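What the coordinates show
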Amino acid sequence: MKRENFSRKRQAILQAVCSTDCHPTAEWVYHAVKPQYTDLSLGTVYRNLAKFKEDGLIASLGVINGQERFDGDTQPHDHFVCSKCGAILDVSQYELPWELFQSLSERYSLRIDSHELIFRGLCPACLKEQDWPVQEGA
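Residues numbered from 1 in each chain as written. Predicted model: local features only at pLDDT ≥ 70, side-chain atom pairs only at ≥ 80, totals over all residues. Heavy atoms only, no water.

1. Some points on the confidence of the model for the chain
- Summary statistics for the chain give a mean pLDDT of 90 and a share of 91% for residues scoring 70 or more.
- Mean pLDDT across the elements of the chain bottoms out in helix H1 (residues 2-18) (83) and peaks in helix H2 (residues 26-33) (98). (pLDDT = per-residue confidence, 0-100. Helix = DSSP H or I, 4+ residues; strand = E, 2+ residues; numbered from the N terminus.)

Here it is as structure tokens:
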């Protein structure tokens with residue numbers, strides 16, 4: 001019976017990451033799942049996130065503002081990170097030119113299997129807060 005409960009907790013943790021586009025922290029996941037499983041510990045969340053990451057079920061975006069952030073969308077896409085508030089936005093409209101990969105491969109004798117591109121700057125909310133004009137299309 002305990003194994004079944006553990007399995008449901010694991011599924012709830014994975015579902016919490018995959019059902020949001022906020023690129024959550026472990027603490028966010030913990031608070032999202034805790035009402036369902038009152039005996040859930042933060043350590044359980046961390047261990048499961050590490051296992052999901054290792055298994056390729058989720059991706060890590062690295063440490064942003066002191067906390068590791070996760071993405072349930074494992075399809076190739078890039079991100080924008082706000083330097084002020086730490087908001088993370090998916091950026092998927094642009095494709096890098098094949099020539100860039102070919103040039104890097106040849107120059108450094110590499111085989112490139114994937115890439116991650118992170119843009120940094122200020123998000124629309126932080127720009128508005130500073131009364132900076134937001135460019136059209138942003």
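2. Overview of the nonpolar core
- If you look at the biggest cluster of nonpolar residues, it comprises 16 residues, and the most contacted ones within it are Ile13, Val29, Val33, Leu40, Val45, Leu49 and Ile58.
- At the level of secondary structure, the elements contributing two or more residues to this core comprise H1, H2 and helix H3 (42-54).
- Counting residues in hydrophobic clusters, the runner-up holds five residues, among them Phe80, Cys82, Val91 and Cys126. (Core = buried A, V, L, I, M, F, W, Y, C linked by side-chain atoms within 4.5 Å. Buried < 20%, exposed > 50% of the residue type's maximum accessible area, 1.4 Å probe, protein only.)

3. Some points on the layout of surface pockets
- Within this model, the second largest pocket holds a volume of roughly 300 Å³.
- Forming the boundary of the second largest pocket are 18 residues, of which Ala59, Thr74, His77, His115 and Glu116 lie nearest the centre.
- Secondary-structure elements contributing two or more residues to the lining of the second largest pocket are strand S1 (59-64) and strand S3 (78-82).
- With three residues, S1 is the single largest residue contributor to the lining of the second largest pocket.
- Looking at the lining of the second largest pocket residue by residue, the classes come out as six nonpolar, eight polar and four charged. (1 Å grid on protein atoms, 1.4 Å probe; cavity = no way out; pocket = protein on both sides within 12 Å on 5 of 7 lines; lining within 4 Å. Points joined across faces, edges and corners; volume = space filled by probe spheres on them. Nonpolar A, V, L, I, M, F, W, Y, C, P; charged D, E, K, R; others polar.)

4. Observations concerning unusual backbone geometry
- Phi at Asn65 takes a positive value of approximately 55°, unusual for a residue other than glycine.
- Structurally, Asn65 can be placed in the loop between S1 and strand S2 (67-71).
- The class of Asn65 is exposed, set by a relative accessible area of 55%.
- Phi at Ser109 is positive, roughly 55°, even though this residue is not glycine.
- Of note, Ser109 is situated in the loop between helix H4 (98-108) and strand S5 (118-121).
- For Ser109, a relative accessible area of 67% puts it in the exposed group.

5. Comments concerning the sheet that holds strand S4 (residues 88-91)
- Read across the open sheet, the three strands follow the order S4-S3-S5; overall the sheet is mixed. The outermost strands of the open sheet, each flanked by one partner alone, are S4 and S5. Within the sheet, the average angular offset between the axes of one strand and its neighbour, ignoring direction, is 25°.
- Bridge count between S3 and S4: four bridges; the pairing is antiparallel. (Pairing = 2+ DSSP bridges. Axes fitted to C-alpha atoms, helices over the stretch in contact; angles between N-to-C directions.)

6. Digging into the side chain of Thr25
- Mapped onto the fold, Thr25 is located in the loop between H1 and H2.
- Judged by relative accessible area, which is 10%, Thr25 ranks as buried.
- Excluding residues within four positions of it along the chain, Thr25 makes contact with Gln67, Glu68, Arg69 and Phe70. (Contact = heavy atoms within 4.5 Å.)

7. Details of the environment of Ser60
- Here Ser60 lies in strand S1.
- Owing to a relative accessible area of 21%, Ser60 belongs among the partly exposed residues under this scheme.
- Distance in space between the C-alpha atoms of Ser60 and Pro97 is 25 Å, their sequence separation being 37 residues.
- Setting aside residues up to four positions removed in sequence, Ser60 forms contacts with Lys53, Glu68, Arg69 and Phe70.
- A distance of 2.5 Å separates a polar atom in the side chain of Ser60 from a polar atom in the side chain of Glu68. (Polar contact = N/O pair within 3.5 Å; in protein donor to acceptor, adjacent residues only side chain to side chain.)

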